[in-house]
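Coordinates in review
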2 protein chains.
Amino acid sequence: MKDNVKVGLLGLGTVGTGVVKIIQNHQEQLVHRVGCPVEVTKVLVKNMDKKRDVDLSKESLTLDPYDVINDPDVDVIVEVMGGIDETKQYLLDALNQKKHVVTANKDLVALYGSELLKAASENDCDFYYEASVAGGIPIIRGLADGLASDKIQKLMGIVNGTTNFILTKMHKEGMSYEVALKEAQDLGFAEADPTADVEGLDAARKMAILARLAFSMNIELEDVNVSGISTVSDSDLKHGQTLGYTMKLIGYADQSDERVEVSVQPTFLANNHPMASVNDEYNAVYVYGEAVGETMFYGPGAGSMPTATSIVSDLIAVVTNMRLGVNGKSISVPQFEKRLKSAEEKFAKYFIRLHVRDEVGSFSELTKLFSSNSISFEKILQLPLDKEGMAEIVIVTHKASMENYSQMLEQIKDLAVVHSVESFYRVEGEGAK
Amino acid sequence: MKDNVKVGLLGLGTVGTGVVKIIQNHQEQLVHRVGCPVEVTKVLVKNMDKKRDVDLSKESLTLDPYDVINDPDVDVIVEVMGGIDETKQYLLDALNQKKHVVTANKDLVALYGSELLKAASENDCDFYYEASVAGGIPIIRGLADGLASDKIQKLMGIVNGTTNFILTKMHKEGMSYEVALKEAQDLGFAEADPTADVEGLDAARKMAILARLAFSMNIELEDVNVSGISTVSDSDLKHGQTLGYTMKLIGYADQSDERVEVSVQPTFLANNHPMASVNDEYNAVYVYGEAVGETMFYGPGAGSMPTATSIVSDLIAVVTNMRLGVNGKSISVPQFEKRLKSAEEKFAKYFIRLHVRDEVGSFSELTKLFSSNSISFEKILQLPLDKEGMAEIVIVTHKASMENYSQMLEQIKDLAVVHSVESFYRVEGEGAK
């Protein structure tokens, strides 16, 4: 049995520094838990001379990743450097040298998770990635272990802290999207180029990882339908609030009749939904299991210490497996063939905001169009507009298929009474009655 | 390697039946996950001839627990019969015969968890008890694995569905305690004798289990200070709402300076606290870790299928360990000596409702008493009372020690202006501003 575990670290930014700190400060607890010391012995850095607030010897630092990957003493590689293609090659090389891997790299796992897991399994190595989704929330373990005996029918995730922060500010403080984004950037919650966050791409990567695990299918990033929050307006939020809804950027993954759909889209949640009160930069993942019913995991989605905590939890699992001699044994391959829902098989409620000409018969024309597409109304709100001769109509529909919505949205352009379709958002739950 | 795992079931009520159903209906997924078939082969029942809605052969049923415990073919005992002393002996006998144990029995685990875990460890057996706390929420695994790398500073739990249902009805529908309790009883959420639920004893058992694990200390049931909700009045709730608080029965476990306190008590939570919107019969456990910050696990606290799901998750862990030959290896013994906080070391905010004589100087006498005990005010609400010459005063304090509160409550009896102390509840968070 291994009596001393050595860790090689690829990257020493804030997360990497957090990992070193936890390992050093919790050494006593770690030894108690896994039965042997765990030590960081080799670290890839960008700059040898930078002042650091962790205690690492000069000899343990290197500028060459292969000094870490090829070090015969290193048992586990912790990857916190980011990047995709080059990093993937480093990790494949590490696995092929029988080194276990723990990573926080969601981009890499979303794009090449299957390939990396396969390489790990072939080498009897562990490959853990808890920190890649929802930083401090143990959702990967929750899905893999805790709910292993259930059939997961639906996942909903608030998995991007930046957009949740922006939407919370818009809702609670009445900020415009632009002002809220600026505040998020000032506070370091959003990048200078916020595209990956606000357009939903970051959330889509995380949902691909979660859906793959929840449904045991090879879901790819391109299977996720994505739309972001950059076009969400104050008016949308205001009308949604009137009707009892809160806007969130929601990742969905839904399974019925062995077919799945995965998407990321701005969504109006009924205020009494447990996810509606997940605010600021917090994340949450809601899981609906056939047997267990509703569960939700809530916590910080990012931040160096929460992420480092998840990494060290993975590291503990790796070391435990090493001492038991069972690494790589618990990797489970996708059990089912991927079958995606067609537009006729996807059903949802939608919020539609229209500008129409305020004429006799306008509403009846609208009603005719919706009902000819088998879409019925749950709620209607009509308000006068400042624009001359125009009215604003907000409709919340009952459930209908995406096929029917597409047709309706196509045909609505031809209605003379409709000036414009201002917005079209998914709705979850009942809202105000 | 074991290529067929046989399960003996003690008890075939609704949870036991749920376990059999999941094992039978999910056989394919189970095999995929653990690599071999899992079968229920021996079942203790109370009545051999009762009609059941699961498919079990007549030969597999027995009225004698030792037919299950002593069956040489049985590898794992799943205990869902309830009971304490007798059941404890059955499980000790099972462990001593090298059978792994999975139990949903919170009373047993709260009272004898340490003894049973020790027996399991000595026999290289697993002893899992996920279902004993918060039914469908994987909180035991969350604490043991997911947060293993962190230091847990504080736990707060809504771990009793009955009281949460009653308090939700009182809050949302303005029901009195008695009417809400009656409705809970009618719906099967509360027992005919609701004492264990409404007086907080059930929650106390669960908090002892969680605190033991979170702080790695031998917390006993008698270390938990308990008060229940049977004296909570409509007036309390109404005034709490005015000040921005929601009443919940909260289990606390808090650690500072290596000393802990564990309690269960009716508590006013600020409405923006993530636990304030946990409603109806749902449970939630909020965990504050030094590194990870705030996390929360939400889900059904009871119900036969959620509980059965947790049991089968434990069973999967046992079978995985069996196939890997590592049973009993991950049981961790309490690492720290138990040190409980004294009254001077426990700090909290409190809500105090008083009836005072409406005289000149009343308030100044109160102020003097509080400040002489180093208790300062965060909020004050004074209202006229119907009773002649009396006023109602509601005070929310800043944090003070329990030592100071005790002294104040002792001395307040001697104040001529104070007619009665109507209520005294812990407060968490800021509430309305």
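Here the residue index of a chain counts from 1 through its sequence in written order. Starting at A for chains and at 1 for ligands, labels are handed out in the order in which the entities are written. Given that this is a predicted model, residues contribute local features only at a pLDDT of at least 70 and side-chain atom pairs are listed and counted only at 80 or more, while totals for whole chains, interfaces and linings are drawn from all residues. The basis for the side-chain values is all heavy atoms of the structure; hydrogens and waters are excluded.

1. Considerations on the overall build of chain A
Selection criterion: In this description a helix means any DSSP run of H or I spanning at least four residues, a strand means any run of E spanning at least two, and both kinds are numbered starting from the N terminus. Throughout, the radius of gyration refers to the C-alpha atoms, and the reference size of a globule is 2.2 Å times the residue count to the power 0.38. In this description, contact between two residues means that some pair of their heavy atoms is separated by no more than 4.5 Å. Note on areas: these come from Shrake-Rupley sampling with a 1.4 Å probe, and a residue is covered only by the protein chains present in the view. The charged-residue count follows a simple rule in which Lys and Arg add positive charge and Asp and Glu add negative charge, with His and chain termini not counted at all. Note on charges: their place is set at NZ of Lys, CZ of Arg, CG of Asp or CD of Glu.
The helix and strand inventory of chain A stands at 14 helices and 17 strands. Compactness check: chain A gives a C-alpha radius of gyration of 24 Å against a globular reference of 22 Å for 433 residues, within 12% of the reference. Dimensions of chain A along its principal axes, counting C-alpha atoms only, are 80 × 45 × 35 Å. A separation threshold of at least 6 residues defines the contact pool for chain A, and within that pool the share at least 24 residues apart is 74%. When the accessible surface of chain A is totalled, it reaches about 17,200 Å², and 47% of it is carbon and sulfur. Averaging the coordinates of the 43 positive side-chain charges in chain A and doing the same for the 63 negative ones gives two points 2 Å apart.

2. Some remarks on the domain arrangement of chain A
Which entries qualify depends on this criterion: Domains are outlined according to an automatic or database domain assignment.
Domain assignment breaks chain A into domain 1 (5–135 + 304–324), domain 2 (139–300) and domain 3 (343–428). Computed over C-alpha atoms only, the centres of domain 1 of chain A and domain 3 of chain A are separated by 52 Å.

3. Points about the sheet that holds strand β6 (residues 127–128) of chain B
Residue and element names in this part refer to chain B. Under the convention used in this document: Strand pairing is assigned whenever DSSP detects at least two bridges linking the two strands.
Taken together, the six strands give an open sheet; going across it, the order is β3-β2-β1-β4-β5-β6, and neighbouring strands pair in parallel fashion. Sheet topology places β3 (61–62) and β6 at the edges, where each strand pairs with a single neighbour. In terms of strand pairing, strand β1 (residues 5–10) meets strand β2 (residues 38–44) through six bridges, oriented parallel. Across the sheet, Val-7 pairs through a bridge with Val-40, a residue of β2.

4. Overview of the UniProt feature "active site" (unreviewed entry) in chain A
Residues and elements named next belong to chain A. Here is the rule we go by: UniProt positions are given in the numbering used here, feature names are shortened, and annotations may be inferred rather than shown by experiment.
UniProt records the feature "active site" (unreviewed entry) at Lys-206, using the numbering of this structure. Relative to the helices and strands, Lys-206 is located in helix α10 (residues 201–215). Other than its neighbours up to four places away in sequence, Lys-206 contacts Lys-106, Ser-132, Val-133, Val-159 and Asn-160.

5. Comments concerning the nonpolar core
Test applied: The term nonpolar core refers to a set of buried residues drawn from Ala, Val, Leu, Ile, Met, Phe, Trp, Tyr and Cys, joined through side-chain atoms within 4.5 Å. Exposure classes here rest on a 1.4 Å probe applied to the protein chains alone. A residue is buried below 20% of its type maximum, exposed above 50%, and partly exposed in between.
Ranked by internal contacts, the top residues of the largest apolar core, which has 152 residues, are A:Phe127, A:Ile139, A:Leu210, B:Ile139 and B:Leu210. Those residues within four positions of A:Phe127 in sequence are excluded, and the remaining contacts are A:Leu91, A:Leu95, A:Val101, A:Thr103, A:Val109, A:Leu116, A:Leu117, A:Ala120 and A:Ile331. Of all hydrophobic cores here, the second largest spans 35 residues; its members include A:Leu9, A:Cys36, A:Leu315 and A:Ile316.

6. A look at the UniProt feature "domain: ACT" (unreviewed entry) in chain A
In the numbering adopted here, UniProt assigns the feature "domain: ACT" (unreviewed entry) to residues 351–426 of chain A. Between the first and last C-alpha atoms of residues 351–426 of chain A the distance is 6 Å; the span itself is 29% helix and 45% strand.

7. Section: helix α11 (residues 234–242) of chain A
Within α11(A) the residues assigned to the buried category are A:Asp236, A:Leu237, A:His239 and A:Gly240. Where α11(A) terminates, the next one or two residues include A:Gly244, which has phi positive at roughly 90°.

8. Details of the packing of aromatic side chains
How two aromatic rings sit relative to each other is set out by the distance from centre to centre and by the angle between their planes. All names here are of chain A. What counts is decided by this rule: Only centres within 6.5 Å qualify two rings of Phe, Tyr or Trp (six-membered ring in Trp) as a pair; their planes then separate them into stacked at under 30 degrees, edge-to-face at over 60, and tilted for everything else.
Tallying each qualifying case throughout the model produces 27 aromatic pairs over all chains. For the ring pair Phe-351 and Tyr-425, a centre distance of 6.2 Å and an interplane angle of 35° mean the geometry is tilted. Here the residue Phe-351 occupies a position in strand β13 (residues 347–357), and Tyr-425 occupies one in strand β17 (residues 418–428), the gap between them amounting to 74 residues. Considered together, Phe-351 and Tyr-425 belong to a single accessibility category, that of buried residues. Ring centres of Tyr-405 and Phe-424 lie 5.6 Å apart, and the angle between their planes is 70°; this geometry places the pair in the edge-to-face category. Within this pair, whereas Tyr-405 is found in helix α14 (residues 402–412), its partner Phe-424 is found in strand β17, the two being separated by 19 residues in sequence. A relative accessible area of 1% means that Tyr-405 is categorised as buried.

9. As for the interface of chain A and chain B
In plain terms, the rule: Buried area counts how much accessible surface, traced with a 1.4 Å probe, disappears from two parts once they are put together, with both parts' losses summed. By salt bridge we mean one thing: a side-chain nitrogen of Lys or Arg within 4 Å of a carboxyl oxygen of Asp or Glu. For this analysis, a polar contact is any N or O atom pair within 3.5 Å, provided that within protein one partner can donate a hydrogen and the other can accept it, and provided that sequence-adjacent residues contribute only side-chain to side-chain pairs.
Each partner contributes residues to the interface: chain A has 42 residues there, and chain B has 42 residues. Counting the surface lost from both chain A and chain B, the interface buries some 3,800 Å², and carbon and sulfur atoms represent 60% of this. Contact with chain B buries area across many residues of chain A, yet A:His32, A:Ser149 and A:Tyr298 alone supply 16% of it, more than any other trio. At the surface where chain A touches chain B, the tally comes to zero salt bridges. Linking chain A to chain B there are five residue pairs in polar contact (both at pLDDT 80 or more).

10. Regarding the side chain of A:His100
All names here are of chain A. Looking at the secondary structure, you find His-100 in strand β5 (residues 100–103). You can call His-100 buried: its relative accessible area is 6%. Not counting residues up to four positions away in its chain, the partners in contact with His-100 are Asp-75, Val-76, Ile-77, Asp-124, Cys-125, Asp-126, Val-318, Met-322 and Asn-327.

11. Details of the pattern of salt bridges
Counted according to the given criterion, the structure contains 48 salt bridges over all chains. We note a salt bridge from B:Glu428 to B:Lys154, for which the minimum N-O separation is 3.0 Å. In this pair, B:Glu428 is assigned in strand β17 (residues 418–428) and B:Lys154 in strand β7 (residues 152–158), connecting sequence segments 274 residues apart. Note that B:Lys341 is salt-bridged to B:Asp254, the shortest N-O span being 2.6 Å. Taken together, the positions of B:Lys341 in the loop between α12 (304–324) and β13 (347–357) and B:Asp254 in strand β9 (residues 245–256) put the pair 87 residues apart, joining distant regions of the chain. Several salt bridges converge on common partners, so that one network encompasses A:Lys154, A:Asp254, A:Glu261, A:Lys341, A:Arg426 and A:Glu428.

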